[in-house]
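Understanding the architecture of this molecule
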Amino acid sequence: MISQTRAIVQQSLDALLEDQSFLPEVTGETRKKAFTSMTSILSTPNHIHKSFLRILLENGKVERIPAFRVQHNNALGPYKGGIRFHEMVNEEEVVNLASLMTLKNALHDVPFGGGKGGIIINPRDYSEKELNLISRKYVQYFSDVLGPDKDIPAPDMGSGEREMDWMMAEYKSIQPGLPYRGSFTGKSVVNGGSLGRREATGKGVFFTFRYLVHDFVRDQKGFLQKTDNVFAKTALGFENRPLTIAVQGFGNVGSVAALEAHQSTHLQNKVVAVSDRNVTLYNADGLDIPALVEFTMKNKGDLPTTDEQLNDIEVTAEIQDREEVLYLDVDVLMLAALEDQVHKDNVEKVKAKIIVEGANAPVTTEADKHLSDNGVIIIPDILANAGGVIVSYFEWLQGRETQYYTEEQVFNHLYEKMKSTMDTVLPLFFGDPFPLRQNCYIHSVMKLSTVLYRQGKLY
Ligand code: NAD
């Protein structure tokens, strides 16, 4: 488990052990043993499957490509999590991400466990035909442990609906006669994917921010004014004024979150900066996000990097170094690129008072503590970026029923589910001194402990 995740899970278990109102029927030594069992269950995955995919490249050479599937916990349902295609992905990272999936699904009441996969390649180094072979070999090597009621992969960094379509087709031919539509999610719509899946994570990221800062603060103003909670003071400080927003990462998650912010004109917020692997673009009066989205669609996902390119699309922006997005004087920073972006060596330079984690673990433990001690509200990954897995769940359901929702229905169901989680954790967050991440973890751990206890697994 990521050290941060492990530490917070342990703190949550320690707090629940002391809280006799939680599982009151479990007392004394039995209670201590039950909580020790929970620690061991949550800190280790159930299975780590590893293989070397044997691929015949187009140049005639044969390559053995390391690949993993980690199944962390399935107490709440089949394992669920993406397959990362990346040259730096490794077993430890995949284990970490699988454990985060267990907690994320528990938090949002999604009936799945936690899993994750990884294939150690840079997809840009392989032809389409080779990627097709790699994807199909992955399914061949792991087909025994995958399936709609066992373990349901989805896309992650470096993979998308194309790979999921290939993988589902391979699963179907390896397991003839078995249900196959729910074996992979994140497929193209024509292959049984859900409308809205591509935008789901970015929309969810923006929704958590909007709900906390605008809706919840407006509706619960009386309650917030009465508490002396430091985060309530931060939230109230944003009342009745337009906010400035910077977004790191302009891919699937970041570009959709930025577009949502740009289009929510009734909130009068401004997206003043966006960034990607090459640049930060800044305009104090607000950026033309639709024009930038259109540019990236025509340029392999990259933002403009020169004044000529900006002039061509009539976008006014200052070009800055890619890290500058983190240090701008803005109210809100949405992190939608990579892990470990805000860390102990740069946290002092971060000025935003609200951070929304679109990526997984973009803020390190030390930086998280520093920011939280200073009243910065961090909407954590486990809460903010769950839109993808929630809509994956809808895709899995639709595949079972062979009945499909409209895009509007998908987003309405998504917001309902995320609102329900926020309504559970936000009153606790503003009512006690813990950061929001800790409140979310306590909620997940409570759910998992209760289920495992009732399943008779905590001895
Ligand atoms: P993506 O590949 O579509 O986009 C990544 C973006 O980050 C690109 O704009 C890229 O240029 C930028 N980037 C890369 N390196 C950077 C750097 N050093 N500095 C600044 N920007 C950099 O990926 P995505 O699907 O948008 O995912 C973004 C993050 O969100 C990942 O960490 C992913 O694991 C996480 N996430 C994604 C989903 C999903 O449904 N896509 C769900 C949950 C979590």
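Residues numbered from 1 in each chain as written. Predicted model: local features only at pLDDT ≥ 70, side-chain atom pairs only at ≥ 80, totals over all residues. Heavy atoms only, no water.

Assigned secondary structure in the protein chain consists of 16 helices and twelve strands. The C-alpha radius of gyration computed for the protein chain amounts to 22 Å, which stays within 12% of the reference 23 Å derived for 459 residues, consistent with globular compactness. Across its three principal directions, the C-alpha atoms of the protein chain cover 70 × 60 × 45 Å. Each of the 459 residues in the protein chain was classed as buried or not, and the buried ones make up 58%. Taking all contacts inside the protein chain whose residues are at least 6 apart in sequence as the whole, residues at least 24 apart take part in 70%. Counting only carbon and sulfur atoms, one obtains 49% of the accessible surface of the protein chain, whose full area is about 19500 Å². The average position of the 48 basic charges and that of the 60 acidic charges among the side chains of the protein chain differ by 6 Å. (Helix = DSSP H or I, 4+ residues; strand = E, 2+ residues; numbered from the N terminus. Rg over C-alpha atoms; globule rule 2.2 N^0.38 Å. Buried < 20%, exposed > 50% of the residue type's maximum accessible area, 1.4 Å probe, protein only. Contact = heavy atoms within 4.5 Å. Areas by Shrake-Rupley, 256 points an atom, 1.4 Å probe, with all protein chains shown as cover. Lys, Arg positive; Asp, Glu negative; His and termini not counted. Charge placed at Lys NZ, Arg CZ, Asp CG, Glu CD.)

What follows is about the pattern of salt bridges. For the structure shown, the criterion picks out 30 salt bridges. Across the salt bridge formed by Arg84 and Glu93, the nearest N and O atoms sit 2.8 Å from each other. Arg84 sits in the buried class, given a relative accessible area of 4%. A relative accessible area of 19% means that Glu93 is categorised as buried. Notably, a salt bridge pairs Arg322 with Glu323, separated by 3.0 Å at the nearest N-O pair. Owing to a relative accessible area of 41%, Arg322 belongs among the partly exposed residues under this scheme. By relative accessible area, which is 36% here, Glu323 ends up partly exposed. One connected set of salt bridges, linked through shared partners, spans Arg84, Glu93, Lys116, Asp156 and Glu339. (Salt bridge = Lys/Arg side-chain N within 4 Å of Asp/Glu carboxyl O.)

Moving on: empty space enclosed by the protein. For the coordinates displayed, the defined rule picks out two cavities of 30 Å³ or more. Roughly 50 Å³ of volume is contained in the largest cavity. Every residue along the wall of the largest cavity is listed here: Phe231, Asp368, Ser372, Val376, Ile377, Ile378, Phe429, Pro435, Leu436 and Arg437. Those elements giving two or more residues to the lining of the largest cavity turn out to be α12 (365–373), β12 (377–379) and α16 (436–454). (1 Å grid on protein atoms, 1.4 Å probe; cavity = no way out; pocket = protein on both sides within 12 Å on 5 of 7 lines; lining within 4 Å. Points joined across faces, edges and corners; volume = space filled by probe spheres on them.)

Looking now at the site of the ligand. Near the ligand, the surroundings consist of 19 residues, among which Thr201, Phe250, Asn252, Val253 and Arg277 are the closest. Between the ligand and Phe250, the relevant distance is 2.9 Å, taken from an oxygen atom to a main-chain nitrogen or oxygen of the residue. Between the ligand and the protein, one listed contact pairs an oxygen atom with a backbone N or O atom of Asn252 at 2.9 Å. Expressed as a share of its isolated accessible area of 830 Å², the protein-covered part of the ligand is 81%. Elements supplying a minimum of two residues to the shell around the ligand: α6 (197–219) and α9 (252–263). Split by residue class, the shell around the ligand holds six nonpolar, eight polar and five charged. (Near = heavy atom within 4 Å. Polar contact = N/O pair within 3.5 Å; in protein donor to acceptor, adjacent residues only side chain to side chain. Nonpolar A, V, L, I, M, F, W, Y, C, P; charged D, E, K, R; others polar.)

In this structure, strand β7 (residues 270–275) lies alongside strand β8 (residues 279–282), joined through three bridges in antiparallel fashion. If you follow Val274 over to β8, its bridge partner there is Leu281. Pairing between β8 and strand β9 (residues 318–321): four bridges, direction antiparallel. Across the sheet, residue Leu281 finds its bridge partner in β9, namely Ile319. (Pairing = 2+ DSSP bridges.)

By size, the foremost hydrophobic cluster in this structure holds 95 residues, and its most contacted members are Phe209, Val274, Met334 and Phe430. Counting residues per element, this core draws most heavily on α6, which supplies ten residues. When residues no more than four places from it in sequence are discounted, the contact partners of Phe209 are His214, Leu243, Ile245, Asn269, Val332, Met334, Val356 and Ile379. Membership of the second largest hydrophobic core comes to 23 residues, among which are Ile134, Phe142, Met164 and Trp166. (Core = buried A, V, L, I, M, F, W, Y, C linked by side-chain atoms within 4.5 Å.)

Before going further, it helps to examine the packing of aromatic side chains. Tallied over the entire structure, the rule returns 13 aromatic pairs. When the centroid spacing of 6.5 Å and the interplanar angle of 75 degrees are considered together, the rings of Phe22 and Phe35 count as edge-to-face. Taken as a pair, Phe22 in the loop between α1 (3–18) and α2 (28–43) and Phe35 in helix α2 lie far apart in primary sequence, 13 residues in all. By relative accessible area, Phe22 is classed as buried at 8%. On the basis of relative accessibility, which here comes to 7%, the residue Phe35 falls in the buried class. Following the ring pairs from residue to residue traces out a cluster consisting of Phe112, Tyr393, Phe394, Trp396 and Tyr405. Directly above the aromatic system of Phe411 lies the positively charged group of Lys203, at a separation of 4.4 Å from the ring centroid. When the ring centre of Tyr327 is taken as origin, the NZ or CZ atom of Lys349, which lies over that ring, is 4.3 Å away. (Phe/Tyr/Trp six-rings, centres within 6.5 Å; stacked < 30°, edge-to-face > 60°. Lys NZ or Arg CZ within 6 Å of the ring centre and 35° of its normal.)

What follows covers the pairing of strand β11 (residues 354–357). Burial along β11 is two-sided: Ile354 and Val356 facing one way and Ile355 and Glu357 facing the other are all buried. Pairing of strand β10 (residues 332–335) with β11, which is carried by four bridges, proceeds in the parallel orientation. Across the sheet, Leu335 pairs through a bridge with Glu357, a residue of β11. For the crossover that starts at β11, traverses α12 and ends in the parallel β12, the hand is right-handed. (Right-handed = clockwise from strand over helix to strand, strands pointing away.)

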